[in-house]
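# A look at the structure
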Amino acid sequence: MGDMLGNALSGLVSYQRALATTSHNIANADTEGYSRQRVDFATRIPQQSGAITIGSGVKVASVSRVYDSFTVDQLRYSQAAFSQADAYYQLTSQVDNTLADSELGLSASLSRFYNSLQDVADNPSSISARQLMLAEAQGLGDRMADISSQMASLDREVNTRIAASVSDINDLSAQIADINLKISQAQGKFGTEPNDLLDQRDQALLQLNELIGTSSVEQKDGTISVFIGNGEALVLGERAVSMRAVANEFDPSRIEIALDVGGSSANITNSVRGGSLGGTLSFRDGVLSDTNNELGRITVAIADSLNSLNQSGVDLNSAQGGNIFSVPDPEVFRSKHNTSGAELSAEITDMSALTGGNTLIRLDGSGWRFYDESSGAELTSVTGSGSLADPFIVDGVSVSLTSPAAVGDQFLLCSTKGAADGLKVVMSDPAGIAAAAATRSTTDLNNIGSGKISETDVVDSSNPNLLDPVDIEFLSANTYQINGAGSFTYTSGSDITINGNKIVISGSPAAGDHFAISPNTNAQGDNRNLLKMAAAENNKVLNGGSASIQDTVNGLVGDIAVATRSAQINHQSQENLLNQTLSNHQSISGVNLDEEAANLLKFQQAYQAAAQAASVANDMFQALMGAFR
């Protein structure tokens, strides 16, 4: 009877705990991050009665989580990858919408402006056409400024996201460290795993991976250490390492990320990967930075090419044309850690060599070193010493020191970053548009040979002698002199460049034949220079003379469209992978209410059976006691 009663009572206690665990599962069916718990039964130590072993009932060996570490690791990785793809796609699509708009996009604004140039070429003396051209130029400047403003707004949004993510990461890190402490204490005191605390920690880790990609290592005491990037510790057992949003050493408006390590800060921005923070940084350092720089390069090319061409002609007042646009010079930022007061000044000297990328300039013990900011690759083609007389030439940009620098000083050269926002129309008088060519060529009516001269083509509008009259006299069929001096060999069809004017003489001139270059006065109906300006968007002025403004605009819009489409595909793929991984995790660790209902019924019946066995044992005991009364 004693054995029977003890067995029955052990069953009652064990199945009561099983019922409690089942009801715990049912109560937490919708709790995020909860892992289904399972009761594991084991037999109690049997009693020995002579040669007979008699069972002593049942006990609860453990209450454990239904948990698969491989699936959980997959889920964390998938969460980090999806969050990164999601943040990157959201931000990239905003850039794509800004540039590709059929009415307000970059291509549409440029088309309207160059069409207005063609309208002036069709009617060069029309003041209304010239006014419309200046209005479209202002519209182009406004559109460039608007696009630049939207890029700046995205930059501010990125900063906001970074700061918010850093704050949330710190909160979760502290939460994980606190749970680590509780788990360590619970395991040390009771020797069993605190299932609900482990679930809470796993959920906090999953939320952390939404923000930043992590890896983790479980320690012997049950705590877990969390690492990010290139192995930087974020949580070490019961201690969380603080992360901070700090200003970039060159540009205070640019937020970066630092870890507090040993009383100092270590910049980890370039090593952050995964999560929404990784996607945000990838967008800023990739699409956003490249778009800003390329917009600036396009802006500089438009202004430089049209200013140069307008100076190559004469306006309605028969004066040589001036600038239509102005753009700011490249920006050079000093590092806040510089020990000297040295500053660098910069200006663009070669449009075709301009890349638009940012350059890190550093003075070390061996001299000045130059690095591409995005790739970190050292630039070895830089020439010059950095003085005003012999400036550094960095990808088409002239850079000079204003005062001596100290070893360790660093500077960041942004050659085109602020150009789009700074594009201004400086021409206000429509008569100032130089539609006519600056010079004209003529053939002497008394020539006896068959030689012909082409129209003049101004190739150097800055030549001080551009408008000086030029007389070309042939001394023989094969030689000529210029303004009564020299003797030059004549080759039919070859270019002849004089005072910034290029002409071509073809045919067979005779000795004594004269050809002239003179200022193009009273040329209100001449549209030669405007035709060149209207065609300027197709001139190969960028990428070493291999790409036009139109090519570069199409390339930028196309690259952003491709990047957005690629980001969308990756976003969808990562979402599908996350859903699949989450489904696998739920199939293992999730609560199935049908299964729990079946378990509830099973354990209830087992409990009732154990209670019945206890009742029978009691009846037997009472009968035995009655026999002795």
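Because the structure is a prediction, the values reported are computed rather than measured.

Rules used in this analysis
- Residues numbered from 1 in each chain as written.
- Predicted model: local features only at pLDDT ≥ 70, side-chain atom pairs only at ≥ 80, totals over all residues.
- Heavy atoms only, no water.
- Helix = DSSP H or I, 4+ residues; strand = E, 2+ residues; numbered from the N terminus.
- Rg over C-alpha atoms; globule rule 2.2 N^0.38 Å.
- Buried < 20%, exposed > 50% of the residue type's maximum accessible area, 1.4 Å probe, protein only.
- Contact = heavy atoms within 4.5 Å.
- Areas by Shrake-Rupley, 256 points an atom, 1.4 Å probe, with all protein chains shown as cover.
- Lys, Arg positive; Asp, Glu negative; His and termini not counted.
- Charge placed at Lys NZ, Arg CZ, Asp CG, Glu CD.
- Core = buried A, V, L, I, M, F, W, Y, C linked by side-chain atoms within 4.5 Å.
- UniProt positions renumbered as here; feature names shortened; annotations may be inferred.
- Patch = residues over 30% accessible without salt bridge, like charges linked within 9 Å, V, L, I, M, F, W, Y side chains within 5 Å.
- Salt bridge = Lys/Arg side-chain N within 4 Å of Asp/Glu carboxyl O.

### Comments concerning the overall build of the protein chain
A tally of regular secondary structure across the protein chain gives nine helices and 33 strands. Computed over the C-alpha atoms, the radius of gyration of the protein chain is 40 Å, more than 25% above the 25 Å expected from 2.2 N^0.38 for a compact globule of 629 residues. With respect to the principal axes defined by its C-alpha atoms, the protein chain has extents near 160 × 55 × 40 Å. For the protein chain, buried positions account for 45% of its 629 residues. Long-range contacts, defined as pairs at least 24 residues apart, comprise 69% of the intrachain contacts of the protein chain with a sequence gap of at least 6. On the protein chain, roughly 29300 Å² of surface is accessible, and the fraction owed to carbon and sulfur atoms is 50%. Each charge class in the protein chain can be summarised by its mean position, and for the 37 positive and 70 negative side chains these summaries are 11 Å apart.

### So, unusual backbone geometry
Of note, the phi angle at Ser318 is positive, near 65°, even though the residue is not glycine. On the secondary structure map, Ser318 appears in the loop between β12 (313–314) and β13 (325–326). Ser318 gets classed as partly exposed once you look at its relative accessible area, which sits at 34%. Although it is not a glycine, Asn522 sits at a positive phi angle of roughly 50°. Along the chain, the position of Asn522 falls in the loop between β31 (514–519) and α7 (528–534). With a relative accessible area of 63%, Asn522 lands in the exposed category.

### Digging into the nonpolar core
Formed by 90 residues in total, the largest nonpolar core has its most connected members in Met243 and Ile302. Among all residues touching Ile302, those that are not within four sequence positions of it are Leu110, Tyr114, Leu140, Met144, Phe325 and Ile549. Ranked by size, the runner-up nonpolar core spans 13 residues in total, among them Ile453, Val470, Tyr490 and Ile503.

### As for the UniProt feature "domain: Flagellar basal body rod protein N-terminal" (unreviewed entry) in the protein chain
Here, the residues flagged by UniProt with the feature "domain: Flagellar basal body rod protein N-terminal" (unreviewed entry) are residues 7–34. As a span, residues 7–34 carries 75% helix and 0% strand, and end to end its C-alpha atoms are 33 Å apart.

### Side note on the UniProt feature "domain: Flagellar hook-associated protein FlgK helical" (unreviewed entry) in the protein chain
The sites that carry the UniProt feature "domain: Flagellar hook-associated protein FlgK helical" (unreviewed entry) are, in the present numbering, residues 93–325. When the span residues 93–325 is considered, its composition is 61% helix and 15% strand, and the gap between its end C-alpha atoms is 31 Å.

### Looking at the side chain of Thr552
Positionally, Thr552 belongs in helix α8 (residues 549–589). Classification of Thr552 as buried rests on a relative accessible area of 6%. Apart from residues lying up to four places away in sequence, Thr552 is in contact with Glu294, Arg297, Ile298, Leu542 and Ala547.

### Quick look at a nonpolar patch on the surface
A cluster of nonpolar side chains, Met4, Val616 and Met620, forms an exposed patch at the surface whose accessible area comes to about 210 Å². Tracing the backbone shows Val616 in helix α9 (residues 593–627).

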